[in-house]
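A look at the structure
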Amino acid sequence: MCCNTTKFAPYFKENSKMRYNFNDIEKKWQKIWAERETFKAENNSDKPKYYVLDMFPYPSGAGLHVGHPLGYIASDIYARYKRHKGFNVLHPQGYDSFGLPAEQYAIQTGQHPAVTTETNIKTYRRQLDQIGFSFDWSREVRTSNPEYYKWTQWIFIQLFESWYNNDSNKAESIETLVEVFNSEGNSNVNAACDDNTEIFTAEEWNSYSSEQQQEILLKYRLTYLAETEVNWCPALGTVLANDEIVNGVSERGGHPVIRKKMTQWSMRISAYAERLLQGLDTIDWTDALKDIQKNWIGKSVGASVRFPILSFPKREKKLDSKMPGYMTGGNNSHLLIERAKEMRTNPTEAEAALWGSLRGKKLGAKFRQQHLINDFIVDFVCLDKKLIIEVDGKIHDFKIEEDKARTERLENDGYKVIRFKNEEVLGNIDVVLNKIEGELTQRESIKSEQVLPSGKDLGWEIEVFTTRPDTIFGASFMTLAPEHELVAKITTPEQKVEVDAYIEATAKRSERDRMADVKTISGVFTGAYAEHPFSKTPIPIWIGDYVLASYGTGAVMAVPCGDQRDYDFAKHFNIPIPNIFEGIDISEEAFADKDKTIIANSDFLNGMNYKKATKRVIYELEQIGQGEGKTNYRLRDAVFSRQRYWGEPFPVYYKNGLPQMIDVEHLPLTLPEVEKYLPTETGEPPLGNARVWAWNTATNAVVENEKIDNTTIFPLELNTMPGWAGSSQYFNRYMDPRNDNEIFSQEAIDYWQQVDLYIGGSEHATGHLLYSRFWQKFMFDKGLVPVDEFAKKLINQGMILGTSAILYRVSGTNQYVSREQKHNYDVEEIRVDVNLVNASDEIDIEKLKHWQPQFKDAEFILENGNYTVGREVEKMSKRWFNVVNPDDIVEQYGADSLRLYEMFLGPLEQYKPWNTAGITGVHGFLKKLWKLYVGQDGLNINDAEPTKDNLKTLHKTIKKVEEDIENFSFNTSVSTFMIAVNELTAQKCTSKDILEPLLVLISPYAPHIAEELWERLGNSESISTAPFPKFEEKYLVESSKNYPISFNGKMRFTMELPLDLSKDDIEAAVMANEKTQEQLQGRTPKKVIVVPGKIVNIVG
RNA sequence: GCUGAAGUGGUGGAAUUGGUAGACACGUUGGACUUAAAAUCCAAUGGCCAUUAUGGCCGUGCGGGUUCAAGUCCCGCCUUCAGUACCA
């Protein structure tokens, strides 16, 4: 035995070298590529540049599944192809390594997210390496590295220091804005800013305190602090962006989401709405993706119209109207007057705040403070309206009975008493003032009984946005969102109860309920009327929850004849539906087709079409000063704060509650250590747990929290940045990733310019891909990048889906029934590991019993001795147990097989279920390819002159593969390779002139086998930069064509004819053929169509 | 509802401007090799009807239309997927 082994060993060794030993070959070349840095890109080169980028992955604990590499393989093929075509190719890879899963894991285990992330990245790297990607790993970036997020923080500061000038249509330094404020105030500034920004003069600006100025500037900055209503997810303890919510629950984990008000950092992306829209026309992205972004930006063009509010209808007088004068004290006045004076000079904080807003008829009525009424001192009173305002401190909680008696007595005298708590006044004075204002308008003046307060006199008006100003004469009512600020002011006393009840009911309904319930029509009349700008007729004002406070002005002019919702609303509440369309029947439904509209019953708009009428009505509105043309966008500013640990810290500390930026030279501000990754007990973000998280402005260092003195040492921001922060400029950082002085050098960005080809999933359409475009445009405005779109071309690869395996458990038992019989039982679906199931959908019951304990004692109702599982195609996910790992495939078939197979599966953009059944096909192809080059005894290659057939096969392959790669049709080029190898094998081709160029064609797809065979052919340089073979038409030129001969369009037989025959000659030849006569059976054809080189069709 | 994409054998999918529908694979069936299995090779494979090699009919979601000729173009539907959703 021993001797035999020794004797045959050399033979086996030799033989194994001749086999397609993919595991050895792939390891060998991966090592060589890494050692020689074969794919390292230089920032300067004589070659033209090409930048191919993948969306970098989040390194999750589950590792790569077979879906991840799909896009990477496609981009790698393209990158390799471009190298063959003589380009200097940048093809980098990195990790989007901040994110929720690592943090969730940290919360559960206490493991620092950085540790988990590092482990996961190692796994990713190993998995990526074994697939043989041509990444330039020397440029790797990780968003969670301080050296990287230093620049994320830097961009944040740049945004903070900028405002958007709508006149120059670009972002500008905040300094330029301050200059304008100093010299002329803000009345001429045309900026993207908060809606509630007040107008001030230069004098006023200069009189403001530094804090007041900073507060005003925040309303202009491109990143700003604002109290916003956010999507709060209690389970995750964080705010979610709209695109992180799917069907009302969080995308991650599926937890419920509620609306909540919080102070948050926001990004003023809305300033860029129009440019984000226009820019789409300049880039080569798919229409599908552009449409998603267009919809998301949601531009609508129309007009803004202002409707004055009319007087309320008269109501009966109930109040006792004896004139009280201003001396309203009672018998004990002399005792109380001194006390009242004292209280006036020493008001509480809340009283002082409120008085500041009530004094000097600021609300349109005179108030007195600490005034005597009978034997009471009331805080504030408007004698004219007999309205008393009381501001209560904590002590009043214990004097409820006393207060009640006092209120009763005052009300008997005809006063109305409203009470506020200190916190209400200090917390949100606007709400308080709004309520007071509402009360004032509801109460009659005792001085003037005949003239009622009128909205028109007060200058109140409802502003609406409409896309159909041409239908303004069809407006028969108005609807306000229940949350609209005017609602409290204009509602008449008669309607108040009903309106309040409706508002309360709406507030209780969650977004989800509102969404689910689109059909129910609800609303309430406020009792108030607005005046039509042209007809001057009164229009009733309703509230209804179909109007959203967050879009437009939160108010609509309802034109029931032209809008179905308005129509339904009008029908439901019996509101008139005037018809303003010529010859259109609106008795059944509204008519919304604006292109077919001719306006009638509309005064000066009669007889006009939509376009003309719109133009005219806007002109008329401008003439009377009640409206103008306006464009609205659905795109909202993006909330940028997350109540999370594992994210970029904001380079921000707080001085007197106002945010201050840390100087750029002190970046990065690194994440502090915390003991717990959960929010603090007081509900602060996890960074609230950090003990060393204060900023010392003297030393410019992070110091212990105890040292905070608010003079030199200040608290730091506790929120962190969202996931998209780190991914919004990473593509530019790859150009110069190790630069510590700049985000990237001028030379680097000038050389690489922008991404030429970007490949990634379309699920990022309204997230990463929109935010990145926004930041790129900002960087462009700042002169930092040469182009304002970061990716010239974008391809969306489809997702590879899993095929889940489903067991059917009979309800309430531990019995499982096979698929065929499930309809006979009441069953629940249970997903199980797909690896337990064979290709015929039969499960291995023994393995299943060991898989999870619940199956140990389970009973199975079989069908023909087997248990067949149900199948469901869905997203690959750990929780569906349908994840297929690429490692096993690589182990069993090799990386080249995996690469080819993923491409062969179907068109790149298509969503497709993973199914390993076909992988033997491409693996067989590689073996066949190998055998074409390597025989039992060595290479099959020689210098034989190629035959005509050899050349024809090669050149048609060159042509097809080149076209396919340019069109990203990778699946068809795999077929083309198969055909080529099948043909060359049949031709017994051994010619080096054919087989060597063929390797270059295949190399982008299957680089390992190509490199190996390339080397065996005697090449010492890597195949990766070998020139792509040149296609030559002459080898494909044919002298004859096998014409399909069809009769009435149906192909019956074919006929070989020379290509240089004329039409007539072809016709003659075909007619002379006996098969033609057979088909015709004596009939004479009516017509013979001859398309030379294509087809012959005989009609008749 | 609106916007976009798609619908082709048992399966994944081909078909560049209208011009031989089903390339290339998988699977299945039969055969060769083998003690056997694997691997490999050969043949058949859209359906139906015939069968003497030859043939015939029907077929690209459904119904119409344009054309010598339609998977491809036009009109009207159906279904699936994705995005968005009371957006004024």
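Residues numbered from 1 in each chain as written. Chains lettered and ligands numbered in written order. Predicted model: local features only at pLDDT ≥ 70, side-chain atom pairs only at ≥ 80, totals over all residues. Heavy atoms only, no water.

**Examining the overall build of chain A**
Looking only at helices and strands, one finds 35 helices and 40 strands in chain A. Overall, the C-alpha framework of chain A stretches about 130 × 85 × 75 Å when taken along its three principal axes. Classification of the 1100 residues of chain A by burial places 52% in the buried group. Total accessible area on chain A is roughly 52,000 Å²; 49% of this is exposed by carbon and sulfur atoms. Within chain A, the 159 negative side-chain charges are centred at a point lying 2 Å from the centre of the 129 positive side-chain charges. (Helix = DSSP H or I, 4+ residues; strand = E, 2+ residues; numbered from the N terminus. Buried < 20%, exposed > 50% of the residue type's maximum accessible area, 1.4 Å probe, protein only. Areas by Shrake-Rupley, 256 points an atom, 1.4 Å probe, with all protein chains shown as cover. Lys, Arg positive; Asp, Glu negative; His and termini not counted. Charge placed at Lys NZ, Arg CZ, Asp CG, Glu CD.)

**Describing unusual backbone geometry**
Residue Pro 668 is bonded to the preceding Leu 667 through a cis peptide linkage, with omega at 0°. Unusually for a residue other than glycine, Asp 603 sits at a positive phi of about 55°. Relative to the helices and strands, Asp 603 is located in the loop between α21 (564-573) and α22 (610-624). What makes Asp 603 exposed here is its relative accessible area of 53%. The phi dihedral of Asn 700 falls on the positive side, at around 55°, and the residue is not glycine.

**Details of the environment of Lys 612**
Note that Lys 612 resides in helix α22. Spatially, the C-alpha atom of Lys 612 lies 50 Å from that of Gly 356, the residues being 256 residues apart in sequence.

**Concerning the protein's contact with RNA strand B**
By nearness alone, 51 residues border RNA strand B, and Tyr 546, Tyr 551, Arg 565, Leu 905 and Gln 910 come closest of all. When atoms of RNA strand B within 4 Å of the protein are split into backbone and base, the sugar-phosphate part holds 62%. Note that a base oxygen of RNA strand B is positioned 3.4 Å from one of the side-chain N or O atoms of Glu 963. For the surface near RNA strand B, the class distribution of residues is 23 nonpolar, 16 polar and 12 charged. (Near = heavy atom within 4 Å. Polar contact = N/O pair within 3.5 Å; in protein donor to acceptor, adjacent residues only side chain to side chain. Nonpolar A, V, L, I, M, F, W, Y, C, P; charged D, E, K, R; others polar.)

**A look at the packing of aromatic side chains**
The geometry of an aromatic ring pair is captured by the separation of the ring centres together with the interplanar angle, meaning the angle of the planes. Within the structure shown, the criterion is met by 65 aromatic pairs. On the numbers, 5.0 Å between centres and 75° between planes, the contact of Phe 156 with Phe 650 is edge-to-face. With a gap of 494 residues between them, Phe 156 in helix α6 (residues 146-160) and Phe 650 in the loop between β21 (638-639) and β22 (652-655) connect regions that are remote in the sequence. Note on Phe 156: relative accessible area 0%, which makes it buried. Overall, the relative accessible area of 0% leaves Phe 650 in the buried class. By the ring-pair criterion, three or more aromatic residues cluster together here, those being Tyr 50, Tyr 78, Tyr 81, Phe 87, Phe 968, Phe 970, Phe 977, Tyr 1005 and Phe 1028. The cationic tip of Lys 386 hangs over the ring face of Tyr 415; the distance from NZ or CZ to the ring centre is 5.0 Å. The lysine or arginine in question, Arg 831, covers the ring of Trp 880, its NZ or CZ lying 4.6 Å from the ring centre. (Phe/Tyr/Trp six-rings, centres within 6.5 Å; stacked < 30°, edge-to-face > 60°. Lys NZ or Arg CZ within 6 Å of the ring centre and 35° of its normal.)

**A few points about the sheet that holds strand β26 (residues 713-715)**
In spatial order, the strands read β25-β24-β26; together these 3 strands make up an open sheet with antiparallel pairing. A single partner strand is all that each edge strand has here, and the edge strands are β25 (701-703) and β26. Here the average twist between neighbouring strands, direction ignored, is 35°. One ladder, built from 3 bridges, connects strand β24 (residues 694-696) with β25; its direction is antiparallel. When the sheet's bridge partners are listed, Asn 696 is paired in β25 with Ala 701. (Pairing = 2+ DSSP bridges. Axes fitted to C-alpha atoms, helices over the stretch in contact; angles between N-to-C directions.)

**Thoughts on the domain arrangement of chain A**
Segmenting chain A into domains produces domain 1 (38-142 + 272-299 + 727-797), domain 2 (333-442), domain 3 (464-630), domain 4 (801-884), domain 5 (915-1035) and domain 6 (1040-1099). On a C-alpha basis, the centres of domain 1 and domain 5 stand 32 Å from each other. Across the boundary between the two partners, domain 1 contributes 16 residues, which contact 18 residues of domain 5. Where domain 1 abuts domain 5, roughly 1,500 Å² becomes buried across the two surfaces, and 67% of that area is made up of carbon and sulfur atoms. For the domain 1 face of the interface with domain 5, the top three residues by lost area are Ile 77, Tyr 81 and His 84, together amounting to 46%. (Domains from an automatic or database assignment. Contact = heavy atoms within 4.5 Å. Buried area = accessible area lost by both parts, 1.4 Å probe.)

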